[in-house]
Amino acid sequence: MGHYRSNLRDLEFNLFEVHRIQDHLDAWPDFDVDTLKDILHELDRFVQGEWSESFVDADRNPPELVDGEVRLPESLKRSLAAAEEAGWTKLGLTAELGGMEVPPTLFWAAQELLLGSNPTAAFYASGSLFARIVYEEGTPEQREFAKLMVERNWAGTMVLTEPDAGSDVGAGTTKAIHVEGDTYHIEGVKRFITGGEHDAAENIVHLVLARPEGAGPGTKGLSLFIVPKYLVNPDGTLGERNGVVATNLEHKMGLKGSTTCELTFGMGKPAVGYLVGGVHDGIRQMFRVIEHARMTIGTKSAATLSTGYLNALEYAKERIQGADMTQMTDKTAPRVPIIRHPDVRRMLLMQKAYAEGLRALWMYAAYCQHMDALDPEGGWDRRSDLLLPLVKGYSSEKAYVLLAQSLQVLGGSGYIQDYPIEQYIRDSKIDTVYEGTIGIQAMDLFFRKIARDQGQTLAALAAEIGEFVKAGGDGDPLGAERGILGKMLDDVQGQIGAMVEDLMASMGGEAERIYEVGLHANSLLESMAEVVIAWQLLRHAEVAHPQADSDPFYLGKVESARWFVRDVAPKIAARRAAAEAEDGRLMALDDAAF
């Protein structure tokens with residue numbers, strides 16, 4: 001049996017019992033519950049087999065760069081070929097692009113399975129995303145190019161980061177020299193480019209941010225260009241090699257099978273690029289890729305914690321060690337599975353609650369995307385935007401921390417490569433850095449998603465959570481937990497109030513008060529994510545409670561929700577108190593004191 005442990009039962013519970021997407025399929029008339037379940041079950045079969053077979057081998061035998069060319073391990077290329085043959089690389093694309101257009105909720109559920117079982121392979125197989133962006137943003141000629149990308153299964157990359165700019169994308173110096181029409185020559189060096197060079201596809205299409213000569217500073221001066229590895233002839237055949245080459249391959253802690261490259265453009269020969277859509281609107285266009293990538297990383301994080309937990313749970317039920325604590329002084333007492341030991345049991349429930357909570361978080365964000373497709377004027381897009389930094393930032397940080405608990409359940413066995421958890425930990429650490437650290441997500445949350453919006457989207461979300469808190473009535477089995485959720489919501493709103501006060505003071509002449517916002521932005525993101533997760537898990541418990549006495553799955557949903565709200569409520573209260581008491585002392589500390 002392979003390493004991956006999926007949780008189809010919980011995926012289906014989220015989809016069909018909590019969100020009841022079967023009641024919201026007007027835009028997808030070809031699908032019903034049975035069809036959607038069939039897709040998930042068939043994909044689960046696939047990821048347990050050919051797809052995940054390269055998970056270990058690609059880590060132990062990573063790609064190598066020789067003279068600008070990268071060769072992937074054969075096992076990884078077999079996994080990718082199997083996905084292509086089965087059509088999974090086209091899931092989520094419109095029929096016009098040759099794909100299977102499924103609801104966003106189902107698409108992201110499928111991504112959990114693909115990312116949890118083999119994230120390295122999933123990154124290489126994401127070319128359809130880039131084709132969709134080119135198709136939707138491109139000129140008529142570029143739309144035909146996008147169809148070719150899908151038809152020929154070309155790979156794609158997002159090319160932003162530069163060695164000296166890092167996350168400060170607007171400081172990038174890669175330049176675009178106009179040739180004619182929408183054709184430019186790109187010159188510069190980009191770094192940390194996932195999938196920047198490999199031999200798993202006949203062509204790689206780079207979406208590159210560069211600054212046209214004469215354009216202004218910052219992100220507004222950047223434009224987006226299509227830069228293929230191989231130029232494409234008018235008849236669709238591949239032409240000569242373009243002037244983009246991998247000049248370094250990063251040697252990493254994890255995700256070793258995924259090539260992370262330094263790409264140099266215009267070294268020795270021109271790197272030909274084509275202005276996307278024929279317009280200079282690069283940062284908006286690229287943000288469509290970035291937002292998808294952030295959702296991907298949040299889903300990947302949750303998926304990895306889930307399989308880590310399920311591996312730990314399986315081990316805890318099988319590993320016999322020590323006597324029951326009530327008989328620990330009896331040297332002749334029978335040995336028991338370690339799941340019977342209190343500390344192991346505590347670690348398992350913690351992992352279960354957070355694994356299911358992170359899934360509930362991204363699933364709710366996916367549900368907002370789903371509803372936005374049905375009701376574009378309903379504000380669902382703004383709610384999805386509000387949730388995105390929570391999905392990416394909180395999930396990546398929490399999954400990495402809690403995977404250490406998965407390893408701890410296995411003890412010394414967890415630290416060796418006989419079990420997958422040590423690789424899960426190495427592979428997941430990058431999630432906290434990918435597509436913006438939690439600090440960047442937190443600043444995005446406060447300044448772009450709350451302050452710039454004047455709190456309107458947040459207020460609507462808070463009102464809905466508040467209505468849930470008030471529901472239930474006398475005899476409600478979740479009444480105590482609703483009350484705790486209400487206090488959590490009050491504490492988050494109190495922390496936001498303190499931070500808004502700091503923001504206003506900074507704009508009113510006390511410039512250094514802005515530091516106080518920065519010092520507590522991360523903690524606000526954590527608290528907001530925990531409130532949303534607590535709300536969603538209590539919704540799950542509400543659905544599950546009537547069947548909790550007859551089915552352990554539903555009992556587990558109720559108890560993990562109860563555990564979660566009691567675990568996070570004191571932390572949220574403490575974060576509010578810290579924000580309200582902040583005096584900015586840390587920023588006044590002499591650098592030499594560190």
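Every value quoted in this text rests on a predicted model; they were computed, and no experiment measured them.

(A) Representation of the overall build of the chain within the structure. Of the regular secondary structure elements, the chain holds 18 helices and 14 strands. Expected size for 594 residues packed as a compact globule is a radius of gyration near 25 Å; at 25 Å, the chain falls within 12% of this value. Taken across its 594 residues, the chain has 55% of its residues classed as buried. Looking at the chain alone, contacts between residues at least 24 apart form 74% of all its contacts between residues at least 6 apart. Carbon together with sulfur atoms contributes 51% to the accessible area of the chain, which is approximately 24800 Å² in total.

(B) Representation of helix α2 (residues 33-51). Across its 19 residues, α2 extends 25 Å between first and last C-alpha, which sits within 8% of the 27 Å expected from 1.5 Å per residue. Burial in α2 covers these residues: Leu36, Ile39, Leu40, Leu43, Asp44, Phe46, Val47, Gly49 and Trp51. Residues of α2 that are buried sit in contact with α1 (8-18), α4 (74-86), α5 (104-117) and α6 (119-124). One side-chain oxygen at the N-terminal end of α2 lies 3.3 Å from the backbone nitrogen of Asp34; it belongs to Asp32.

(C) Representation of helix α10 (residues 342-374). Compared with an ideal rise of 1.5 Å per residue, which puts 33 residues at 48 Å, α10 spans 47 Å between its outermost C-alpha atoms and is within 8% of the ideal. For α10, a buried count of 24 out of 33 residues is recorded, marking the element as mostly surrounded by other parts of the structure.

(D) Highlighting the packing of aromatic side chains. Scanning the entire structure with this criterion turns up 17 aromatic pairs. Relative to Tyr554, the ring of Phe13 has its centre 6.1 Å away and its plane inclined at 65 degrees; by these criteria the two rings are edge-to-face. Of this pair, Phe13 sits in helix α1 while Tyr554 sits in helix α17 (residues 552-581), placing them 541 residues apart in sequence. Judged on exposure class, the residue Phe13 and its partner Tyr554 are both buried. Ring centres of Phe46 and Trp88 lie 6.4 Å apart, and the angle between their planes is 35 degrees; on these two criteria the pair is classed as tilted. Linking Phe46 in helix α2 with Trp88 in the loop between α4 and α5, this pair joins segments that are 42 residues apart in sequence.

(E) Molecular detail of the packing of α10 against helix α16 (residues 514-544). Packing of α10 against α16 brings their axes to within 9 Å, and their N-to-C directions diverge by 100 degrees. As far as their axial angle goes, α16 and α10 are roughly perpendicular. Facing Ala353, Glu356, Gly357, Leu358, Ala360, Leu361 and Tyr364 of α10, the residues of α16 in contact are Val532, Ile533, Trp535, Gln536, Leu537, Arg539 and His540.

(F) Quick peek at a nonpolar patch on the surface. Together, Tyr515, Leu586, Met587, Leu589 and Phe594 make up an exposed nonpolar region whose accessible area comes to about 520 Å². Within the secondary structure layout, Leu589 lies in the segment after α18 (585-588). By relative accessible area, Leu589 is classed as partly exposed at 39%.

(G) A look at the packing of helix α14 (residues 456-470) against α16. Where α14 meets α16, the axes come as close as 11 Å, and the angle between the chain directions of the two elements is 35 degrees. In this structure, the crossing between α14 and α16 has a hand that is left-handed. Residues Leu458, Leu461, Glu464, Ile465 and Phe468 of α14 form the contact with α16, whose participating residues are Met528, Val531, Val532, Trp535, Leu538, Arg539 and Glu542. Grouping the amino acids of the contact of α14 with α16 by side-chain chemistry returns 9 nonpolar, no polar and 3 charged.

(H) Local environment of the pairing of strand β11 (residues 260-265). In terms of burial, β11 is largely enclosed, as 5 of its 6 residues are buried. As defined by bridge partners, strand β5 (residues 183-194) adjoins β11 across 5 bridges and the pair is classed as antiparallel. Bridge assignment links Ile193 to a residue of β11, and that residue is Cys261. With 5 bridges joining them, strand β10 (residues 244-249) and β11 adopt antiparallel strand pairing. Each bridged residue has a counterpart across the sheet, and for Ala246 the counterpart in β11 is Leu263.

(I) A look at the nonpolar core. Counting residues in hydrophobic clusters, the biggest one holds 149 residues, and the most contacted among them are Ile186, Trp362 and Met528. Looking at which element gives the most residues to this core, the answer is α10, with 18 residues. Apart from the residues within four sequence positions on either side, Trp362 is in contact with Leu11, Trp108, Ala109, Glu112, Met295, Thr299, Ala302 and Val391. If you look at the next biggest cluster of nonpolar residues, it comprises 27 residues, including Phe130, Tyr135, Ala146 and Leu148.

(J) Structural view of the side chain of Asn118. The residue Asn118 is located in the loop between α5 and α6 in this model. If we skip the residues at most four places from it in the chain, Asn118 touches Trp51, Ser52, Ser54, Phe55 and Ser79.

(K) Molecular detail of the pattern of salt bridges. Enumeration according to the criterion identifies 49 salt bridges in this entry. Note that Arg288 is salt-bridged to Glu136, the shortest N-O span being 2.3 Å. Pair noted here: Arg288 is in helix α9 (residues 282-318) and Glu136 is in helix α7 (residues 127-137), with a separation of 152 residues, a long-range link. Exposure remark for Glu136: the relative accessible area of 38% places this residue in the partly exposed category. Linked by salt bridges that have partners in common, Asp10, Glu112, Lys352, Glu356, Arg359 and Lys557 make up one network.

Cut-offs applied
- Residues numbered from 1 in each chain as written.
- Predicted model: local features only at pLDDT ≥ 70, side-chain atom pairs only at ≥ 80, totals over all residues.
- Heavy atoms only, no water.
- Helix = DSSP H or I, 4+ residues; strand = E, 2+ residues; numbered from the N terminus.
- Rg over C-alpha atoms; globule rule 2.2 N^0.38 Å.
- Buried < 20%, exposed > 50% of the residue type's maximum accessible area, 1.4 Å probe, protein only.
- Contact = heavy atoms within 4.5 Å.
- Areas by Shrake-Rupley, 256 points an atom, 1.4 Å probe, with all protein chains shown as cover.
- Expected span 1.5 Å × (residues − 1).
- Polar contact = N/O pair within 3.5 Å; in protein donor to acceptor, adjacent residues only side chain to side chain.
- Phe/Tyr/Trp six-rings, centres within 6.5 Å; stacked < 30°, edge-to-face > 60°.
- Axes fitted to C-alpha atoms, helices over the stretch in contact; angles between N-to-C directions.
- Parallel < 35°, antiparallel > 145°, perpendicular 65-115°, else oblique.
- Patch = residues over 30% accessible without salt bridge, like charges linked within 9 Å, V, L, I, M, F, W, Y side chains within 5 Å.
- Salt bridge = Lys/Arg side-chain N within 4 Å of Asp/Glu carboxyl O.
- Left-handed = near helix turned anticlockwise from the far one by under 90°.
- Nonpolar A, V, L, I, M, F, W, Y, C, P; charged D, E, K, R; others polar.
- Pairing = 2+ DSSP bridges.
- Core = buried A, V, L, I, M, F, W, Y, C linked by side-chain atoms within 4.5 Å.

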